[in-house]
Amino acid sequence: MNNSYWLTRFLILRLLGLVYAVAFLAAINQIIPLIGANGLLPVDMFLKNIGNALGSPGAGFLHLPSVFWFTHSDTALLTVAWIGFILSCVVLAGFANAPLLAVLWFLYMSFVNVGQDWYGYGWEIQLLETGFLAIFLCPLVDGRPFPKRAPPMPVIALFRWLICRIMFGSGLIKLRGDEVWRNGTALYYHFETQPLPGPLSRWFHFLPRPALKCGVWFNWLAELVAPLFVFGPQIARRIAGVIIILLQFILILSGNLSFLNWLTIIPAIACFDDRFLSRLLPPALVRRAEAASARAEPSRPMTITAWAVTAVIALLSIQPVLNMLSPQQIMNTSFDPLNLVNTYGAFGSVGQERFNIVFEGTTDDIPTDSATWKAYSYKGLPTDPDKVPLQVAPYHLRFDWQMWFAAMSTPDEYPWTLTLVSKLLHNDPGALSLFAANPFPDIPPRYIRAVLYRYSFAPPGNPRQPADPGHPDNPGHHYWTRHPIGAPWLPAMAADDPRLRLQ
């Protein structure tokens, strides 16, 4: 099975189906409270503003293609999410052809282009680029796991080009971005300050300093060295693929980076041919791939299409490559309306302290520090200092991620937080669904405030830490220590506060 890629295609498509399914599932559960008619950033208002700015809805569609230009009711949002989820499961189960993957690609692009803050992450455009390439990996009609058409070699090469840009761009942005990467100390902080820590993050954080420095050097190997060999000789290409995928699994174990790491594994699989994968996969699956290879029939239209797409990707790659090589490199940016070829990068800088915003409510008449404040616990972000973080990835908690960013900013940069406060003061079911629990299930709170805390990992095995200043009801912490920072991030507000009426 030298130089054949039947098993490669099989793995790429199944993992892509899984990532699509997780992404659409997140939309099913979160899209209404985020951008629905009564959401924090309603899609209707967004589309009207874009249409007015560009002159017409038609111009808006050409600039930001989305099915939601035609209908964007809450029912439409959920219907599209459910269709996407069901079709993703079909791909995961083994059926995939070009039209099916094209539909998935466009449906997901529909969410990305109207998702505003909630869909502004690098892995959204990375999924679109990966999904677009996958369309041309399959026959037009035959959707069987092992159809009669072999995987087009130009498309396999495009997946290698994608993983090369993803990794090398990430390495360069770190090299240019922060001294802690260059001096090897970035992992002294990363596991504690990353957006959503996981259950093993504290263990990684307290590894010996030499081990953490070795982790940085391995990161350089995976992001700056390995990508240079994805087009190299067979043995070099395989080693590069193993190194890149090993880094992704380390990141999966050490945190909750949504579906980013699983998505990044997909193009890295293109580094392996069937001979390599046949040693790892079940013999029955290998025999099916061998049988398909033996009866394969060439397809001139499929070959011509693959080369045409390769030419288009080559032309669209000029700007991303120039950006990647520029001293002013930017991360996670698309250079065309369809997000066909993008530039990537993650954690160009690493925070050295962790800040979290915690929304707190009280039913007391006077909202002073001595009032009884109850916290709204996040689903993924730390809230209760005693609670071990959950493993939520590859699922994506979009609200929690935005609150991580907000903690490094001001309320003026996140005006929808005032809308959120207003909704919490009325026990709005949509807003409450974004949190793990409602601390006021019977009657809404009289006041809501948002407090900025500094969180730090408590050393494993140490005795409980002192209680928070100003929070005598909290006897200490097993997992985190935390301390409030300055004045509240948002002051206590009641439902009739004029600042809320403006939202």
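First things first, this report covers the structure right here in the doc. For every chain, the first residue of the written sequence is number 1, and numbering continues from 1 onward in sequence order. In keeping with the predicted nature of the model, local features appear solely for residues at pLDDT of at least 70, side-chain atom pairs appear and are counted solely at 80 or more, and the whole-chain, interface and lining totals rest on all residues. Excluding hydrogens and water, the side-chain figures rest on all heavy atoms present in the structure.

Attention shifts here to a nonpolar patch on the surface. Here a patch means residues that are over 30% exposed by relative accessible area and free of salt bridges, tied together within 9 Å if like-charged and within 5 Å if nonpolar (Val, Leu, Ile, Met, Phe, Trp, Tyr). What sets the accessible areas is the Shrake-Rupley method with a 1.4 Å probe; for residues, cover comes only from the shown protein chains. Salt bridges are defined by distance alone: a side-chain nitrogen of Lys or Arg within 4 Å of a carboxyl oxygen of Asp or Glu. Among the surface-exposed residues, W82, I86, V90 and F95 lie close enough to one another that they form a single nonpolar patch of about 370 Å² accessible area. Secondary structure elements are taken from DSSP: a helix is a run of H or I of four residues or more, a strand is a run of E of two residues or more, and numbering for both begins at the N terminus. Its place among the elements puts V90 in helix α4 (residues 74–93). Each residue is placed in one exposure class: buried if its accessible area under a 1.4 Å probe, protein chains only, is under 20% of its type's maximum, exposed if it is over 50%, and partly exposed if it falls in between. The exposure class of V90 is partly exposed, given its relative accessible area of 30%.

Attention now goes to the nonpolar core. Grouping buried Ala, Val, Leu, Ile, Met, Phe, Trp, Tyr and Cys residues that are joined through side-chain atoms within 4.5 Å yields what is termed a nonpolar core. If you look at the biggest cluster of nonpolar residues, it comprises 136 residues, and the most contacted ones within it are L101, Y108, F111, I357, F359 and F399. Membership of the second largest hydrophobic core comes to 15 residues, among which are V180, W181, F191 and V216.

Below, the discussion takes up the packing of aromatic side chains. Note on aromatic pairs: the rings of Phe, Tyr and Trp (six-membered ring only in Trp) are paired at centre separations within 6.5 Å, and the planes decide the class, stacked below 30 degrees, edge-to-face beyond 60, tilted for the rest. Taken as a whole and judged by the stated rule, the model has 38 aromatic pairs. The interplanar angle of 90° and the centroid separation of 5.0 Å between the aromatic rings of W203 and F204 together place this pair among those described as edge-to-face. Classification of W203 by relative accessible area gives exposed; the value is 54%. Ring geometry for F359 against F435: centres 6.2 Å apart, planes inclined by 85°, an arrangement best described as edge-to-face. Placement of the pair is F359 in strand β3 (residues 354–362) and F435 in the loop between α20 (429–432) and β5 (447–457), with a sequence separation of 76 residues.

Turning to the packing of helix α7 (residues 153–177) against helix α12 (residues 234–254), a few remarks are in order. Their axes nearest at 12 Å, the elements α7 and α12 cross at an angle of 50°. Taken together, the axis directions place α7 and α12 in an arrangement best described as oblique. α12 is crossed by α7, and the crossing has left-handed handedness. On α12, the residues that touch R160, I163 and M167 of α7 are R237, I244, L247 and Q248. Of the residues assigned to the contact of α7 with α12, the class counts are 4 nonpolar, 1 polar and 2 charged. An axis is simply a line fitted to the C-alpha atoms; with a helix, the fit covers only the stretch in contact. Between two such axes, the angle follows the N-to-C directions and lies from 0 to 180 degrees. These descriptions rest on fixed angle ranges, namely under 35 degrees for roughly parallel, over 145 for roughly antiparallel, 65 to 115 for roughly perpendicular, and the rest for oblique. With the far helix as reference, a near helix turned anticlockwise by less than a right angle produces a left-handed crossing, and one turned clockwise produces a right-handed crossing. Only heavy atoms matter for contacts: two residues are in contact if any of them lie within 4.5 Å across the pair. Three classes are used, and their members are as follows: Ala, Val, Leu, Ile, Met, Phe, Trp, Tyr, Cys and Pro are nonpolar, Asp, Glu, Lys and Arg are charged, and the others, Gly among them, are polar.

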